[in-house]
Amino acid sequence: MIKKLFFIPFLFISFLISQNVSSNLKLTKLNGRTVTLSEYLKKGPVLINFWATWCSPCKKEMVYLDKFERKYKDEGLSILSISVDSQKSLSHVRSYIRANDYIYDVFLDPNRQVFKKLNGNLMPTNVLIDTEGKVLWRHYGYIPGDEENMDLQLRSALNINP
Amino acid sequence: MISKYFYNLLISLILLPNTLLFGQFNISGSSSINYGNSQNNYDFTENLIDLNGNWNDWTGWLQFEHSQPPQLGRNYSGLRKFRIEYTKDDYTIKLGDVYEFWGNGLTLNMIDDQSIDLDNGIRGGLIKWSKDIYSFEGLFGNQNIWRISNQVLGFNDRIPNYDIDNTIYGLRGSAFIDEWSAGFHYLNVVETHPTAILKSYRSINHTLLGFNLDYFSDKLDLSLEFVNKTWNEKSNQKAHENMKDKVNNGIGLYTNTNIYLGSWSIGISYKNYFFEEFSPEKRWDFVNYVGGALPLQQMPTVFKQHSSILLNKITHLIDYNDELGFNLRIEGPITEKIIASLFYSKSSRHNEWILDDQWAWGAKSEYILLPSDDKMYNPFEELFFEINGYTISNKLNYVIGISTTYDVPDLYTNQYINGNHTFSYELVDAFTIPTQFTYIFNNQFSLDFVIEYQEMRKGVESSNYTTIFNSNFAKNKQFNRFIGIGLGKSPKWSVTLNIDYSNTDEYVVIENGRDKNFIEESLNSLWDTSFTWANFGMMYNINQNHQLSLTYGSMRGGVLCSNGVCRYVQPFENGFKIGIVSTF
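Along each chain, residues carry numbers from 1 onward, in the same order as the chain's sequence is written. Following the order in which they are written, the chains are lettered starting with A and the ligands numbered starting with 1. Only residues with pLDDT of at least 70 get local features here, since the model is predicted, and only at 80 or more are side-chain atom pairs given and counted; chain-wide, interface and lining totals rely on the full set of residues.

## Concerning the overall build of chain B
- By definition, any uninterrupted DSSP run of H or I lasting at least four residues is a helix, any uninterrupted run of E lasting at least two residues is a strand, and each is numbered from the N terminus. Across its full length, chain B carries four helices and 31 strands.
- Taking 25 Å as the expected radius of gyration for a compact globule of 584 residues, we find that chain B reaches 26 Å, a close match to that expectation.
- Counting only C-alpha atoms, chain B reaches 85 × 65 × 60 Å along its principal axes.
- Between the buried cut of 20 or more and the exposed cut of 12 or fewer other C-beta atoms within 10 Å of a residue's own C-beta lies the partly exposed class, and all C-beta atoms are placed from the backbone. For chain B, buried positions account for 40% of its 584 residues. When we talk radius of gyration, it's over C-alpha atoms, and the globule rule is simply 2.2 Å times the number of residues to the 0.38.

Structural data, given as C-alpha cells:
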C-alpha cells in the first residue's frame, strides 16, 4: 500500500513547475520530410494536436481545430496536427484530411515518439505553447463543448480580447 | 525494505528541483496510475512515470514502471526505459531505448504499446547524418521480445511466458528529390531462440535488404516498398532439421496509391507478404518453427482499423508470413456536411495446403498474386461503408456504418481422396451496424449514444459429402448489441453507461458461469441478462494536468486491438478500475 501511495507526490509537482517544449523538436511531414518546431514558433503560438483515424473523439474535435486554423491563422497561430496512426493505417491519413478539407499542417508520429516527448497519455491530446516553447495549456480527451475553452485559450495566447 | 525502483525514483525526485533551480534544464513528465480489482481475479496495479528533459542540444527520457501485475504483461519494478539524444546541425545521436521506423515498416517499425503489451524497441544506439536531400543512419542494439505461447510452460493469456533475444545492426540511406523520395534498408538480426522443451537455444541469422520509393503530389501519392529476407541457422543441430520448412528466403511487397479528385480520394493498397511457408498446424507456433517475419517488421495490414467495439472484436488476425491482399478506399463529401467512406479489403494465403493419405500437410505448388475466394486459402473479406455528418444546426453529429465480414482464420483438414473432397475450417461470418450520435446542448452539456448491432456466425464448417456448420456458440447465430450512453459537461466531467449484451456465447464462457452486478440485475426485467456485461464509468478533469477516471462493473472479454496488433483479453467481472493521468 505504501508503494502505491508513493506516486501521489507526482500529482502535486505540476503545481510547482512550468513545462517547456524544445524548439528543436523534429516533426515528420506526410511526405517524409522533417521540419523543426522552431520554424512555426517564429510565427506565433502553436497548438499541437495528437489524433488518429481510429479515434472518434479526435475526429469530432478536428472540425473545430480547422475552424480555429482558418480564424486565427493571420494572427500567427499554427495548428500542427500529428497523427499517431501506425504504419498499419497510415495510408488513410491524407485521404481523411483531404475529404474533410482541413487546411492545417499534418504530421506523422507512427511510433509515438513525439507524443511521448510531449507527455501525451490519452487521445486526443492538445498542447498549446507560446513562442518560447512554454506550455500554456494542455488538455486530454474531448468532450463536446471543449472547443469553447480551447477558443478562450487560443485568444489568450494570441492576446485577443474576448 | 526500499526497492531499487523506489531508490531510483527518489534520486530523480531529489534531482528534479535542483535542475530546475539552475534554470538551464527544462524538465517535464507525466504519470499514469491504473488500479483494478475484479471478482474473476483480473486485478492489476500499473504505474508509469515518464520524465522528459532538454538542455541546449540534449534531450533525455526516463520511464519508471511499477506494475504488479500490469493489465497485460509481466511484473516490473524499476527504470524501464531511458534514452539520451544529441542533435546538432546535421547530426543526431541517440543512446538508450531507441524506437525508429523505416519506410512503411516492412524492414523495421519499432513501437512500445503497453495496451497490447507490444514492445519491439531496441536498447542500443543510433547515429544519423542528414544534409539537404540526403540522410544516412546506422543503428545497433539488443532486443528482448516477450510473447505468449501455449507451447512452453507457464501459459497465461495475460502474462508472456516466452522470450527471444535479438542482436541488431542496421543501415539506412534516403534521398529526397522534388516530389520523389527513395531509401534503402539493411538489417541484420541474430536471434537467440529458446527451444520449447530442452533448455537449449537455437541461433538464427536473419538478413533483410529492402528499398522504398515514394511520390507525393497534390493529385497523387505513390508508395512502393520491397524487402527480401533470408535466414539460416548458425548451429549444426541436426535435431532441428526436421523442423525447418522448405522456404528460407522470403519477400515482402507493399504498394499504396491515393488519387485525389478535388475533395474525393481513391486509394488502393496491395500487400504480398511471403516470409515463410508454414502448414496450418505450424502457422501460429513461433516457438518450434523459426525463420518467419520478425517482431521488428510491423507492416501495413491493408485492412481498415475500426473504432467500433464490435468490429474490433472480429479483427482479422494477419499472418505476416504468408498473406496477400488488397484494400480499396473511396472517401469524400456527398454534401457540405456529409462525408462518405467505402472500404473494401480482401486477402488470403498464397497457396492451398492439402493433407495426403498419411495425414501430412503439403502445399500446392501453384502460387497466386491476387487473393483467392477458395476457403482452403484462408480468405478474408470485409466491406465497410460509413457516413458521417452534422445536422440540426450542427448540434447533432452522426456516424452510421454498415459492415460485412467473412474470415476463414484456420484450416483444420483438406483432403482429396478417391475423388472426394473433405475439409473443415473455422469460419467467422458477421454483419455489423455501428452507429454513434452526439447531441451538443448550448450550455456545454452533450449527450452521446453509441449503438452497435452485430449478427455473427462463428464455428467450424466441414464437408464429407455434405457441408455441415457446427457453431462455436450454444445457438447457431450470435446477436451482439452494444449500447453506450454518455453525458458530458465540458470541460470538467463525463459519465457513461456501457451495456454489451448477446443472446449466447462460446461454450467456455457458459461453463464458467458468472455473477451479475447490480446494473445487470436491474436490466433483467428488460431482457435475459445471462450474457450481459454492463459498466458505469466517469471521468473528471481535476485541472488541465490531472484527469481521474473510475469504472465499476463488468467488461466483456475478447480481442483487444491497437495499432493493428490484437490480443485476447479476458473478461473483467464485477470490479472497479481507477485511473489517474497527470502531467508535470
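## With respect to unusual backbone geometry
- With an omega of -5°, the peptide bond between B:Q68 and B:P69 qualifies as cis.
- One non-glycine residue, A:D101, adopts positive backbone phi at about 60°.
- Along the chain, the position of A:D101 falls in the loop between α5 (93-100) and β5 (105-108).
- One non-glycine residue, B:Y465, lies in positive phi territory at about 80°.
- Relative to the helices and strands, B:Y465 is located in the loop between β23 (445-464) and β24 (466-471).
- A residue is classified by how many C-beta atoms lie within 10 Å of it, and B:Y465, with 8 of them, is exposed.

## Things to note about the interface of chain B and chain A
- Contacts between the two partners involve 71 residues from chain B, matched on the other side by 54 residues from chain A.
- When residues of the side of chain B that touches chain A are assigned to their parent elements, the largest contribution, seven residues, is made by strand β1 (residues 26-37) of chain B.
- Three categories are distinguished: nonpolar for Ala, Val, Leu, Ile, Met, Phe, Trp, Tyr, Cys and Pro, charged for Asp, Glu, Lys and Arg, and polar for the others, with Gly belonging to the last. Considering only residue class, the side of chain B that touches chain A consists of 20 nonpolar, 45 polar and six charged. What counts as a contact is two residues whose backbone-derived C-beta atoms lie within 7 Å of each other.

## Things to note about α5(A)
- In terms of burial, α5(A) is largely enclosed, as six of its eight residues are buried.
- Listing the buried residues of α5(A) in full gives A:V93, A:R94, A:S95, A:Y96, A:I97 and A:A99.

## Some thoughts on the pairing of strand β21 (residues 396-417) of chain B
Residue and element names in this part refer to chain B.
- By this definition, two strands are paired if DSSP reports at least two bridges between them. The sheet contact formed by strand β20 (residues 380-391) and β21 spans twelve bridges and is antiparallel. Among the inter-strand pairings, E381 is bridged to a residue of β21, identified as Y406.
- Inspection of the sheet shows β21 paired to strand β22 (residues 420-440) by 17 bridges, in the antiparallel sense. The partner of N414 across the bridge, within β22, is F423.
- Hairpin geometry of β21 and β22 is characterised by an intervening segment of two residues between the two adjacent antiparallel strands and by a positive phi of about 55° at N418.

## Notes on the nonpolar core
- Note on terminology: a nonpolar core is a set of buried residues of type Ala, Val, Leu, Ile, Met, Phe, Trp, Tyr or Cys, with members joined through C-beta atoms within 7 Å. By size, the foremost hydrophobic cluster in this structure holds 33 residues, and its most contacted members are A:V46, A:L47, A:I48, A:L80 and A:I82.
- For this core, the elements supplying multiple residues, two or more each, are β3 (46-51), α4 (56-72), β4 (78-83), β6 (125-129) and α7 (146-157) of chain A.
- Looking at this core, the element that brings in the most residues is β3(A), giving five residues.
- With near-sequence residues (within four places) excluded, A:I48 lies in contact with A:L80, A:I82, A:L118 and A:V127.
- Within the second largest apolar cluster, 27 residues are counted, among which are B:Y99, B:F101, B:M110 and B:L118.

## Here we look at the sheet that holds strand β1 (residues 26-29) of chain A
Residue and element names in this part refer to chain A.
- Read from one edge of the open sheet, seven strands run β2-β1-β5-β4-β3-β6-β7, paired in mixed fashion. Each edge of the open sheet carries a strand with a single partner, namely β2 (34-36) and β7 (135-140). Adjacent strand axes in the sheet meet at a mean angle of 30° when their direction is disregarded.
- Judged from the four bridges that link them, β4 and β5 form a sheet pairing that is parallel. Each bridged residue has a counterpart across the sheet, and for S83 the counterpart in β5 is L108.
- To obtain an axis, a line is fitted to C-alpha atoms, over the contacting stretch when the element is a helix, and the angle between two such axes runs from 0 to 180 degrees between their N-to-C directions. Together, β3 and β4 form the strand contacts of α4, whose direction differs from that of β4 by roughly 155°.

## Details of the confidence of the model for chain B
- On average, residues of chain B score 89 in pLDDT, and 91% of them reach the 70 mark or higher.
- For this predicted complex, the interface confidence comes out at an ipTM of 0.88, alongside a pTM of 0.90. Predictor confidence is given residue by residue as pLDDT, running from a minimum of 0 to a maximum of 100.

## Digging into α4(A)
- Expected span of a helix, by definition, is 1.5 Å for each gap between consecutive residues, and there is one gap fewer than residues. Its 17 residues place the ends of α4(A) 25 Å apart at the C-alpha level, agreeing with the 24 Å of an ideal helix rising 1.5 Å per residue.
- Taken together, the buried positions of α4(A) are occupied by A:C58, A:K59, A:K60, A:E61, A:M62, A:L65 and A:Y72.
- Along its buried surface, α4(A) packs onto β3, β4 and α7 of chain A together with β21 and β22 of chain B.

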